[in-house]
Amino acid sequence: MPPSAQPTIQTDMSFDPIVQKSIAEQVAQRLLSMIRSGLLKPDQQLPPERELATMLGVGRPAVREAIRGLSLLGLLRIRQGEGTFVGSLQTRELLEPLEMIIDLNAGTLDALFDARLIIESGVAALAATNISEAELQSLNHSVQAEAELLNDPVAFAAADMAFHEAIIDACDNPFLQSIAGSLYFLGKKSRSITSRIPAVLERSLQDHRTILAALNARDPQAAARAMRTHLSGVRATYRDVAKTESDSDSSRESLINP
């Protein structure tokens, strides 16, 4: 290329604009970085807004906005009259904001069931291999207790949660425990609906017995199959109930606005 020649930029190329982050976003990222690094620990109280603004060299409104945003994510907790604290950073607390996404989008809940079918079936298979005798004994007692709770949906729901959590713990894999525990927690919307139906409780009890039999036999394939059958049944029931309620709402609406 001759020295005087200059390369040209193609006119059909496009560039994303550089977006400057707001001061509040920068403050939020700084606080998030401090939480990640451990400089700010769970349940630790943050300095007052005025002091924090001085430390970061920004205005109080930016600090207030950043704190409000992080509190919506469950990373910070604002206690009236006390101040702002780092959240517990427990999985369930951090997952709470995601519940709204599920509430607003029925398709998301269906996707959640798909994820649970894959993950929890694998967890059950692994638990069949790794579960201890003490854990098996505890699960046997739990399932026996469930039979006495069929007329108490609230107590049965608590027992159901304990059953699934025990299997998740028994898989003895920290990554799967975190993923499966998170998915199970997010599924509580569907449980709040299906647990009101007596026939569902009876079906769940029978499913739990089948899963437990596979675990007692230490049969990974049978455990995975039993868990898959259980979750598929729960999803089918939820779909039926949701459709019935939706049809009922539509009928009421047509009566009000013919």
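Residues numbered from 1 in each chain as written. Predicted model: local features only at pLDDT ≥ 70, side-chain atom pairs only at ≥ 80, totals over all residues. Heavy atoms only, no water.

1. Things to note about the pattern of salt bridges
Item 1. Tallied over the entire structure, the rule returns 8 salt bridges.
Item 2. Taking the shortest distance from any N to any O, the salt bridge between Glu49 and Arg60 comes out at 3.7 Å. With Glu49 in helix α2 (residues 49-56) and Arg60 in helix α3 (residues 60-72), this pair connects stretches of sequence that are 11 residues apart.
Item 3. By relative accessible area, which is 22% here, Glu49 ends up partly exposed.
Item 4. Residue classification places Arg60 among the partly exposed positions, given a relative accessible area of 30%.
Item 5. Note that Glu82 and Arg79 form a salt bridge whose closest N and O atoms lie 4.0 Å from each other.
Item 6. Residue classification places Arg79 among the partly exposed positions, given a relative accessible area of 34%.
Item 7. Three or more residues are tied together by salt bridges with common partners; here these are Glu49, Arg60 and Arg64. (Salt bridge = Lys/Arg side-chain N within 4 Å of Asp/Glu carboxyl O. Helix = DSSP H or I, 4+ residues; strand = E, 2+ residues; numbered from the N terminus. Buried < 20%, exposed > 50% of the residue type's maximum accessible area, 1.4 Å probe, protein only.)

2. Overview of helix α6 (residues 133-146)
What sets the pattern is the α-helix's 3.6 residues per turn: residues three or four places apart point alike.
Item 1. With 14 residues, α6 extends 20 Å between its outermost C-alpha atoms, agreeing within 8% with the 20 Å of an ideal straight helix rising 1.5 Å per residue.
Item 2. All of the buried residues along α6 are Leu136, Leu139, Val143 and Glu146. Along the axis of α6, the buried residues cluster in a sector spanning 80°; they form a single face. Among the exposed residues of α6, those oriented more than 90 degrees off its buried face are Glu133, Ala134 and Gln144. (Expected span 1.5 Å × (residues − 1). Arc of directions from axis to C-beta.)

3. Some words on the pairing of strand β2 (residues 83-86)
Item 1. Judged from the 4 bridges that link them, strand β1 (residues 76-79) and β2 form a sheet pairing that is antiparallel. Bridge pairing links Arg79 to Gly83 in β2.
Item 2. The antiparallel hairpin formed by β1 and β2 contains 3 residues in its connecting segment, where Gly81 sits at a positive phi of about 80°. (Pairing = 2+ DSSP bridges.)

4. Some remarks on the confidence of the model for the protein
Item 1. Overall, the predicted model of the protein reaches an average pLDDT of 82, with 75% of residues at or above 70.
Item 2. Put simply, helix α4 (residues 91-104) is where the protein has its lowest mean pLDDT, 60, and α6 is where it has its highest, 94. (pLDDT = per-residue confidence, 0-100.)

5. Topic: the side chain of Ser182
Item 1. Structurally, the position occupied by Ser182 is in helix α8 (residues 174-186).
Item 2. Owing to a relative accessible area of 13%, Ser182 belongs among the buried residues under this scheme.

6. Focus: the environment of Pro47
Item 1. For Pro47, the location among the structural elements is in the loop between α1 (23-37) and α2.
Item 2. Taking the relative accessible area as the measure of exposure, Pro47 reaches 26% and is therefore partly exposed.
Item 3. Residues Pro47 and Phe85, 38 residues apart in the sequence, show an inter-C-alpha distance of 9.1 Å.
Item 4. The residues touching Pro47, leaving out its near neighbours within four places in the chain, are Leu52 and Met55. (Contact = heavy atoms within 4.5 Å.)

7. Some points on the layout of surface pockets
Item 1. Its volume calculated, the largest pocket comes out at about 220 Å³.
Item 2. In this structure, the largest pocket is lined by Gln45, Leu46, Pro47, Pro48, Glu49, Arg64, Ile67, Arg68, Ile78, Glu82, Gly83 and Thr84.
Item 3. Those elements that place two or more of their residues in the lining of the largest pocket are α3 and β2.
Item 4. Among the elements that take part in the lining of the largest pocket, α3 stands out by supplying 3 residues, more than any other.
Item 5. Across the lining of the largest pocket, the residue classes tally to 5 nonpolar, 3 polar and 4 charged. (1 Å grid on protein atoms, 1.4 Å probe; cavity = no way out; pocket = protein on both sides within 12 Å on 5 of 7 lines; lining within 4 Å. Points joined across faces, edges and corners; volume = space filled by probe spheres on them. Nonpolar A, V, L, I, M, F, W, Y, C, P; charged D, E, K, R; others polar.)

8. Observations concerning the side chain of Arg235
Item 1. Its place among the elements puts Arg235 in helix α11 (residues 220-256).
Item 2. Overall, Arg235 belongs to the buried group, its relative accessible area being 14%.

9. What to know about the packing of α1 against α3
Item 1. For the pair α1 and α3, interaxial distance at closest approach is 8 Å and the crossing angle is 55°. Here α3 runs oblique to α1, going by the angle between their axes. In the packing of α1 onto α3, the handedness of the crossing is right-handed. Facing Ile23, Ala24, Val27, Ala28 and Leu31 of α1, the residues of α3 in contact are Ala62, Val63, Glu65, Ala66 and Leu70.
Item 2. The residue inventory of the contact of α1 with α3, partitioned by class, reads 9 nonpolar, no polar and 1 charged. (Axes fitted to C-alpha atoms, helices over the stretch in contact; angles between N-to-C directions. Parallel < 35°, antiparallel > 145°, perpendicular 65-115°, else oblique. Left-handed = near helix turned anticlockwise from the far one by under 90°.)

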